[in-house]
Structures are given as C-alpha cells and as structure tokens.
Amino acid sequence: MAQARVKARSPRKESVFGERFAVFAECLLTGVWITVACLGVVTYPAAFAAGARHLRRRTTHEVGGWREFVADFRAAVRGGWAVGLAGWAAAAAVWVDVLAARAGLPGGPLVGAVGILALIGLAVALLRAAAVWTPGRAWRALLAEAGRRTVLDPAGSFLVVCGLAVVTLSAWFVAPLAVPVLGAVAASAVAVEERYRHR
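A quick note: this is a predicted structure, and the numbers were derived from the prediction, not measured.

1. Focus: the overall build of the protein
- Check the secondary structure of the protein and you find eight helices and zero strands.
- When the helices and strands of the protein are listed from N to C terminus, the series reads α-α-α-α-α-α-α-α.
- Considering the protein as a whole, with its 199 residues, one finds that 35% of them fall into the buried category.
- Here the contacts in the protein between residues at least 6 apart in sequence split such that 68% fall between residues at least 24 apart.

See the structure below:
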C-alpha cells in the first residue's frame, strides 16, 4: 500500500520521443542564440562555444538557459575574437586562391582546391574545439587538440562537414532556415566529440 502511494507520487517520466524532441527544439533555439552572438563578426568561435556548452548542459540535465549562455559567451570571447579574426583572414586567403584559379593562372585550380579543403578542415577543427570549450581553457590549446582529432577521426570530421553542408543548403534554399540549423551544427560537433571520447 505504501509502495503504491510512493509510485503514485513520483513524477511522471518523459518518453524517449518527448526527450529527443525537446533536445531537437533546444538545438533550434540555440541556433538563434548563436546567430545573435555571431553579429559581432569575429565572435563566431565564442558563439559556437557557448552554444555547445549550453547543449552539453541540456543533454546532461543540468540547469541552464539564456543567462548561462551569455556568461559562457563573455568568457569565450576573451580569446575567441582573435580566433575569429584569424578565421576571416584564412577565408580571405582562400578567396584570393579561388580568384587566381578562375583567372586561369598556372596551377590555379589545384591551389584553389587545396585552399578550399584546408578551409573546410579549419572550420571542422574550430567546431570541434568549440564543442569541448570550458571557461578557462586557452583557444590555442583547444585548436591544437581539435586539429589532431580532426585528422585522427575522419568519420567524426565527415559528420561535422555534413552538418555544415546542411546549413549551407538551408541558406541557399531558404536563408532564414540557416539560423536555427546552426544549433544543429553545434549539436553535431558535441555528439562527434562525445563519440570520440567514448571510443
């Protein structure tokens, strides 16, 4: 009788479908937060780091919302702005390579292709670094470790590239769709890092 009362008072457990849908919805909301935080142009590494940390909290059932996201963003942007600036410089260098390839310079197509592949690799390493960022971690060390994981875990890196492709295609078809999908990219990087950690 007493056991029956205890069971009756215990909170109802959420279904697996309900829990997974809630995580998906949280990813979409996080994508909006990431987009807002990226408006500073060089703040995208910090925005993804704060978004990934928020999603890690959500999947481990820790309390966290907009305020925690903002606090993480402020902590990540201290060193992250320099990483963002370097990323834009790398993108500009690749753009020059692509222009050289289009102009018909000797070896241009090869240089352009190598530049694009290198830029994709840098983007994957950046997302993998952001996925494991915690306050107090230096971006330089995070990127060095993420670069090694990017090479040593090609399957995981390919999954992150697929996430980037989804954002690109979403923006191409319907530009506003790219905003919430950014959260799914952060979630894919977090999942890839969890997969690598448990290998």
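Following the structure, the description resumes.
2. Considering the packing of helix α7 (residues 154–173) against helix α8 (residues 178–197)
- Running from N to C, α7 and α8 point in directions that differ by 175°, and their axes come no closer than 9 Å. Classified by the interaxial angle, the pair formed by α7 and α8 is roughly antiparallel. Of α8, the residues touching α7 (which contributes Ala-155, Gly-156, Leu-159, Val-160, Gly-163, Leu-164, Val-166, Val-167, Ser-170 and Ala-171) are Ala-178, Val-181, Leu-182, Val-185, Ser-188, Ala-189, Val-192 and Arg-195.

3. So, the pattern of salt bridges
- Enumeration according to the criterion identifies eight salt bridges in this entry.
- For Arg-57, the salt bridge goes to Asp-72, with nearest N and O atoms at 3.0 Å. Of this pair, Arg-57 sits in helix α3 (residues 44–59) while Asp-72 sits in helix α4 (residues 66–102), and the two are 15 residues apart along the sequence.
- What makes Asp-72 buried here is its relative accessible area of 5%.
- Of the charged contacts, one joins Arg-128 and Asp-153 as a salt bridge, the two residues approaching to 3.0 Å between their closest N and O atoms. Separated by 25 residues along the polypeptide, Arg-128 in helix α5 (residues 108–131) and Asp-153 in the loop between α6 (139–152) and α7 bring together distant segments of the chain. Both residues of the pair, Arg-128 and Asp-153, count as buried.

4. Some thoughts on the layout of surface pockets
- Of the volumes computed, that of the largest pocket is approximately 1000 Å³.
- In terms of lining, the largest pocket is formed by 32 residues, of which the most central are Tyr-44, Leu-119, Ala-123, Leu-126 and Leu-164.
- Elements with a contribution of two residues or more to the lining of the largest pocket: α3, α4, α5, α6, α7 and α8.
- When residues of the lining of the largest pocket are assigned to their parent elements, the largest contribution, nine residues, is made by α5.
- For the lining of the largest pocket, the class distribution of residues is 27 nonpolar, five polar and no charged.

Cut-offs and rules
- Residues numbered from 1 in each chain as written.
- Predicted model: local features only at pLDDT ≥ 70, side-chain atom pairs only at ≥ 80, totals over all residues.
- Heavy atoms only, no water.
- Helix = DSSP H or I, 4+ residues; strand = E, 2+ residues; numbered from the N terminus.
- Buried < 20%, exposed > 50% of the residue type's maximum accessible area, 1.4 Å probe, protein only.
- Contact = heavy atoms within 4.5 Å.
- Axes fitted to C-alpha atoms, helices over the stretch in contact; angles between N-to-C directions.
- Parallel < 35°, antiparallel > 145°, perpendicular 65-115°, else oblique.
- Salt bridge = Lys/Arg side-chain N within 4 Å of Asp/Glu carboxyl O.
- 1 Å grid on protein atoms, 1.4 Å probe; cavity = no way out; pocket = protein on both sides within 12 Å on 5 of 7 lines; lining within 4 Å.
- Points joined across faces, edges and corners; volume = space filled by probe spheres on them.
- Nonpolar A, V, L, I, M, F, W, Y, C, P; charged D, E, K, R; others polar.

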